[in-house]
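# Chains, contacts and geometry: an overview
Residues per chain, in single letters:
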Amino acid sequence: MPPIPLRIRKAAVLGAGVMGAQIAAHLANADVETLLFDLPAKEGDKSAIAQKAIQNLTKLSPAPLAEKSKVAGITPANYDEHLDALRDCDLVIEAIAERLDWKLALYSKIVPYVSDSAVIASNTSGLSIDALAQVLPAAMQPRFSGIHFFNPPRYMHLVELVPHARSDRDVLAGLEAFLTTTLGKGVVYAKDTPNFIGNRIGVFSILATMHHTARAGLGFDLVDALTGPAIGRPKSATYRTADVVGLDTMAHVIKTMADTLPDDPWHAHFQSPEWLQELVATGALGQKTGAGIYTKRGKDIAVLDVARQDYVPATAKPSDEVAAILAVKDPTARFAQLRASQDPQARFLWAVFRDLFHYAAFHLADIADTARDVDFAIRWGYGWKLGPFETWQSAGWSEVAQWMAEDIAAGKAMSNAPLPDWVGKVDGVHRDGGSYAPRSGRHEPRSQHPVYLRQWFPDALIGERFDTGTTLWENDGVRLWSRSDDGVGILSFKTKMNTVNDAVLDGIQQAIDYAERNLRAVVIWQDSDKAFSAGADLKGMLGFVQGGQVPRLETMIANFQKTSQRIKYSLVPIVAAVRGLALGGGCEFQMHCARTVAALESYIGLVEAGVGLVPAGGGLKEISVRAAQRAADGDPFPEVKRMFEAVAMAKTSGSAFEAKQLGLLRPDDVVVFNGFELLHVARQVAIALAESGYRPPLPARAVTVAGDVGTATLRMMLVNMLEGGFISAHDDVIASRVADVLCGGDIERGSQVDEQWLLDLERRHFLELAQMPKTQVRIAHMLASGKPLRN
């Protein structure tokens, strides 16, 4: 029998600083009623500090709130007046400054008010959980643990769950399930050691990079060019990351390592470089102060030159030799070339990797149960594509270990500590069946917590393989497959970014034919967190137009519309499982499904206007149909107007909840916080629809439209925007055509049309726009740069 889940109706966050406020925001995203506490203000309303923090949540970028109205779920509070409200809270998260004495004093203050069943946690980034637990009553200690979110809490997948010696395992299991499903996080259990896993390894990596930057005499911008996307890490790389985190915060974390890890063999390196100390002393703390390692000079980015003690243009690039090495796809060959090269940049990169691998291996047994925990902590908390052990293993475990041992013996490494014995006893830390655990000396499988049984395709480590099921039908564009006997087929696209071409269109229709004969439901799901579908194949469409093959383009668009209609009127329910981008045709497909299940981080939009076109896969038709269905007094125009701007301005939702606001998702579509649970939930929704005797909607043959009056009203809005310089003349042309379709064309207000009438309007305007030179320039610009052009 599965464990009883942890039920959280109401939570409290203690501390309205950057992290506390954003943790409260993410709880509110998940519809958890949340109290946000801070110190009483000295003047006016005593909750003013928390109130200001809450107000600021609506202004931040990236947005901590999945939609601004979620802010209503957070109530400001202060310790003088509202401690009694803690009695109703099921979860209390402390998130004040990293001072042990302050935290202990706060715990003593709240203890009399916390209920006997509440779960209590500290969001500390590295203080001892056992020391924090000591101040709590014995009966409360089993319900206390560390729960370390990474910044920003909404977007960073990692939460470190840190038990102490007396933590109750059932409470931890319940908290793990809540964090995983309700808040959508990836949970890693960390041992109660300074800085836990993520910051212990991540900050060491930054320290190693700083050390070798100085030794190699490289500039900060060059190092960022070497340690960012070129090696599978975020664009902020090393020094930009330090600026974003805050140089004072970075210095504090480094000092914490120095103070709490006196016996660490790398202790001599746990100190801030002189240049960092000087920047902090002068108040140049990074992004929050406008200057740090980087600053802006006009529109240009400048970087600190330590030798000149001034900022210079940030223009450095890797050498040709290193750029060529980093372009090598085979990691074994790539690392061998880095090791062998005499280029200073290559030697720098090898040294940074070597010392990171050395440190992670030496401390694995101290900080984590398995190598899996270390790699996930770094991937999910720092945004690396591969964790340190995965990177090492991909490069050739034994050979890289031998190179490391040679460098350690030669005194080239940052520490002369020997590699642990276990390194030579394994051929890698990750296998299909598990990851290496120093405690047992074996490769141990993933957790069997019931929450993970919902994840058919969890985040995969190097060497892991998951069952991709049995193919039921496929062509060059799609694969219909199944992994169970529940009668639900999974339809996945095969194209790059899951774009839509002729093979995908034909494949969807034929897969539905198969499903109607052999299955009871279909889920459209992609094995990618990047895109459900980035829309139509623009390159192919541009080729048709420029090659004088407009009839072929018209045939493709007609087939696109036919595919959307086939999805909508399928005799078995088609459920879209959306995460990442669902743009253009991808958005239109999900609009035509019986139901959409969307991950929270879904960015959905009818964005064709950005490339000079109108949506023509049935999206505008579907908006018109829905507007007519929702019209309270028979007038669809208010609903059409609400949707018009989003389509005409090519808006993309910032979350699944925003997509509901924009009308691109329906009110009863489902939002899932954990993308790895998306397929499971979508399958359950599909089964429920099938079990309920699903029937497709009847064809809409009498759609009331806003007509010529509606179009004229929307045109007046555009005239004002054009005269104000908010849109270009071509934007006006495109938006006018969007208005014409949404309002049903040049017919009287209140007329009734069928779906085919609206589809024909879509197709005509699309084809006319596609032949315009300005539209073709927009398409070409998007293909070349990945960005829209407003010509």
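Our structure is the block above this text.
One structure accompanies this document, and this report is about it. (Residues numbered from 1 in each chain as written. Predicted model: local features only at pLDDT ≥ 70, side-chain atom pairs only at ≥ 80, totals over all residues. Heavy atoms only, no water.)

### Structural notes on empty space enclosed by the protein
Test applied: Using protein atoms alone on a 1 Å grid, points that fit a 1.4 Å probe yet trap it form a cavity, whereas open point sets bounded by protein on both sides within 12 Å along at least five of seven lines form a pocket; residues with an atom within 4 Å of a point count as lining. Grid points are joined across faces, edges and corners, and a volume is the space filled by probe spheres set on the points. Numbering of helices and strands runs from the N terminus; a helix is a DSSP stretch of H or I covering at least four residues, while a strand is a stretch of E covering at least two. Residues are sorted three ways: Asp, Glu, Lys and Arg are charged, Ala, Val, Leu, Ile, Met, Phe, Trp, Tyr, Cys and Pro are nonpolar, and all the rest, Gly among them, are polar.
For the coordinates displayed, the defined rule picks out 2 cavities of 30 Å³ or more. In this structure, the largest cavity spans a volume of roughly 90 Å³. Taken together, 13 residues line the largest cavity, and the ones lying closest to its centre are Trp456, Phe457, Trp525, Phe676 and Leu679. Looking at the lining of the largest cavity, the element that brings in the most residues is helix α24 (residues 678-691), giving 4 residues. Across the lining of the largest cavity, the residue classes tally to 6 nonpolar, 3 polar and 4 charged. Counted as a void, the second largest cavity has a volume near 40 Å³. As for the second largest cavity, its lining consists of Met541, Leu542, Val545, Leu553, Leu613, Phe766, Ala770, Gln776 and Ile779. Put simply, the parts of the chain that give the lining of the second largest cavity at least two residues each are α18 (538-546), α27 (755-770) and α28 (773-785). Of the residues forming the lining of the second largest cavity, the biggest block, 3 residues, is contributed by α18. Counted by class, the lining of the second largest cavity contains 8 nonpolar, 1 polar and no charged residues.

### Digging into the side chain of Glu390
Using the following cut-off: Here a polar contact means two N or O atoms within 3.5 Å. Within protein one must be a hydrogen donor candidate and the other an acceptor candidate, and residues neighboring in sequence count only if both atoms are side-chain atoms. Contacts between residues were defined by any pair of non-hydrogen atoms, one from each residue, lying within 4.5 Å.
Mapping Glu390 onto the fold places it in helix α15 (residues 388-394). A polar atom in the side chain of Glu390 sits 2.9 Å from the backbone nitrogen of Ile462. Not counting chain neighbours up to four residues away, the residues in contact with Glu390 comprise Asp375, Arg379, Lys385, His430, Ala460, Leu461 and Ile462.

### Here we look at the packing of aromatic side chains
Where we set the bar: The criterion for an aromatic pair is that two Phe, Tyr or Trp rings (for Trp, the six-membered ring) have centres within 6.5 Å, with stacked assigned to planes under 30 degrees apart, edge-to-face to planes over 60 apart and tilted to the rest. Relative accessibility under 20% of the residue-type maximum defines a buried residue, over 50% an exposed one, and the middle range a partly exposed one, all with a 1.4 Å probe and only protein chains included. Each ring is checked for a lysine NZ or an arginine CZ that lies within 6 Å of its centre and within 35 degrees of its normal; such an atom marks a charge sitting over the ring.
Applying the stated criterion across every chain yields a total of 28 aromatic pairs. Ring geometry for Phe220 and Tyr239: centres 4.5 Å apart, planes at 45°, overall tilted. Here Phe220 is found in helix α7 (residues 220-226), whereas its partner Tyr239 is found in helix α8 (residues 239-245), with 19 residues between them in sequence. Tyr239 sits in the buried class, given a relative accessible area of 0%. Within the aromatic cluster, the residues linked to one another by ring pairs are Phe335, Phe353, Phe357, Phe389, Trp392, Trp397, Trp422 and Tyr436. Note that Arg233 overlies the ring of Trp384, its terminal NZ or CZ placed 3.6 Å from the centroid. The ring of Tyr294 carries the charged tip of Arg240 above its face, separated from the ring centre by 4.1 Å.

### Points about helix α14 (residues 371-382)
The following threshold applies: Each helix should span, by expectation, one fewer than its residue count multiplied by 1.5 Å.
Compared with an ideal rise of 1.5 Å per residue, which puts 12 residues at 16 Å, α14 spans 16 Å between its outermost C-alpha atoms and is within 8% of the ideal. In terms of residue burial, α14 counts as a mostly covered element, since 12 of its 12 residues are buried. Among the residues of α14, those classed as buried are Ala371, Arg372, Asp373, Val374, Asp375, Phe376, Ala377, Ile378, Arg379, Trp380, Gly381 and Tyr382. Its side-chain oxygen placed 3.2 Å from the backbone nitrogen of Arg372, Thr370 serves as the N-cap of α14. Just beyond α14, the residue with positive phi is Gly383, at close to 80°.

### Comments concerning unusual backbone geometry
A cis geometry characterises the amide bond from Ser61 onward to Pro62, with omega recorded as 0°. At the junction of Asn151 and Pro152, the peptide bond is cis and its omega measures out at 0° in the coordinates. Mapped onto the elements, Pro152 comes out in the loop between β6 (144-149) and β7 (158-162). Positive phi outside glycine occurs at Asn195, with the angle close to 65°. Positionally, Asn195 belongs in the loop between β8 (186-189) and α6 (198-216). Overall, the relative accessible area of 4% leaves Asn195 in the buried class.

### Brief notes about the packing of α18 against helix α19 (residues 550-568)
Two numbers describe a pair of packed helices, the interaxial angle and the distance between the axes. The line we're drawing: The angle between two axes is taken between their N-to-C directions and runs from 0 to 180 degrees, where each axis is a line fitted to C-alpha atoms and a helix contributes only its stretch in contact.
Their axes nearest at 7 Å, the elements α18 and α19 cross at an angle of 145°. Facing Met541, Phe544 and Val545 of α18, the residues of α19 in contact are Val550, Arg552, Leu553, Met556 and Ile557.

### A closer look at the packing of helix α21 (residues 619-630) against α27
How we decide: Angular relationships are summarised with four words: roughly parallel below 35 degrees, roughly antiparallel beyond 145, roughly perpendicular across 65 to 115, and oblique for the angles in between. Crossing handedness is defined as follows: a turn of the near helix away from the far one that is anticlockwise and smaller than a right angle gives a left-handed crossing, while the clockwise case is right-handed.
Look at α21 against α27: their axes get within 8 Å of each other, and the N-to-C directions meet at 140°. Judged on the interaxial angle alone, α27 and α21 are oblique. In this structure, the crossing between α21 and α27 has a hand that is right-handed. Every residue of α27 that contacts α21 at Gly619, Leu620, Lys621, Glu622, Ser624 and Val625 is listed here: Glu755, Leu758, Leu759 and Glu762. Here the residues of the contact of α21 with α27 are counted per class, giving 4 nonpolar, 2 polar and 4 charged.

### Things to note about the layout of surface pockets
For the second largest pocket, the calculated volume is near 1500 Å³. Every element with two or more residues in the lining of the second largest pocket is listed here: α14, β20 (574-583) and β21 (595-605). Examining the composition of the lining of the second largest pocket, we find that 4 residues originate from one element, β21, more than from any other. In terms of residue class, the lining of the second largest pocket is made up of 14 nonpolar, 9 polar and 13 charged.

### Remarks on the pattern of salt bridges
Short version of the rule: Basic side-chain nitrogens of Lys or Arg form a salt bridge, by our definition, when they fall within 4 Å of a carboxyl oxygen of Asp or Glu.
A full pass over the atoms with the stated rule returns 51 salt bridges. Here Glu677 and Arg454 are joined by a salt bridge, their closest N and O atoms 3.3 Å apart. Here Glu677 is found in the loop between β22 (670-672) and α24, whereas its partner Arg454 is found in the loop between β14 (442-444) and β15 (470-474), with 223 residues between them in sequence. What makes Glu677 buried here is its relative accessible area of 1%. The shortest N-O distance in the salt bridge between Arg715 and Asp732 comes to 2.8 Å.

### Here we look at the nonpolar core
Put simply, the test is: Residue types Ala, Val, Leu, Ile, Met, Phe, Trp, Tyr and Cys, when buried and joined through side-chain atoms within 4.5 Å, form a set referred to as a nonpolar core.
Counting residues in each nonpolar core, the largest one holds 121 residues, and the members touching the most others are Leu27, Leu36, Phe149, Ile508, Leu553, Phe644 and Phe766. If sequence neighbours within four positions are ignored, Ile508 has contacts with Val478, Leu491, Phe493, Thr563, Ile567 and Phe589. Among the nonpolar cores identified, the runner-up in size contains 112 residues, and Leu35, Cys89, Leu338 and Ala401 belong to it.

### Notes on the pairing of strand β5 (residues 119-122)
The condition that has to hold: DSSP bridges decide pairing: two strands pair if at least two such bridges lie between them. A right-handed crossover is one whose linking path, passing over the helix from the first strand to the second, runs clockwise when the strands point away from the viewer.
Both faces of β5 are covered, namely the face carrying Val119 and Ala121 and the face carrying Ile120 and Ser122. Of the strand pairs in this sheet, strand β4 (residues 91-94) and β5 are connected by 4 bridges, and their pairing is parallel. Across the sheet, the residue bridging to Val92 is Ile120, located in β5. Chirality of the crossover, the property in question, places the unit of β4, helix α3 (residues 100-110) and β5 among those that are right-handed. Judged from the 3 bridges that link them, β5 and β6 form a sheet pairing that is parallel. Bridge pairing links Ser122 to Gly146 in β6.

### Some remarks on helix α22 (residues 637-648)
The end-to-end C-alpha distance of α22 is 16 Å, a good match for the 16 Å that 12 residues give at a rise of 1.5 Å each. Turning to α22, its buried residues number three or more, namely Phe637, Glu639, Val640, Met643, Phe644, Ala646, Val647 and Ala648. For α22, the elements touching its buried residues are α21, α23 (656-662), α25 (707-723) and α26 (729-742). Within two residues after α22, Ala650 carries a phi angle of roughly 55°, on the positive side.

### Quick notes on the sheet that holds strand β13 (residues 434-437)
In spatial order, the strands read β12-β13-β14; together these 3 strands make up an open sheet with antiparallel pairing. Each of the sheet's edge strands pairs with one partner strand only, and the pair in question is β12 (430-431) and β14. Pairing geometry for β13 and β14, over 3 bridges, is antiparallel. Each residue of the ladder has a partner; that of Ala437, found in β14, is Arg442.

These figures come from the coordinates and say nothing about function on their own.
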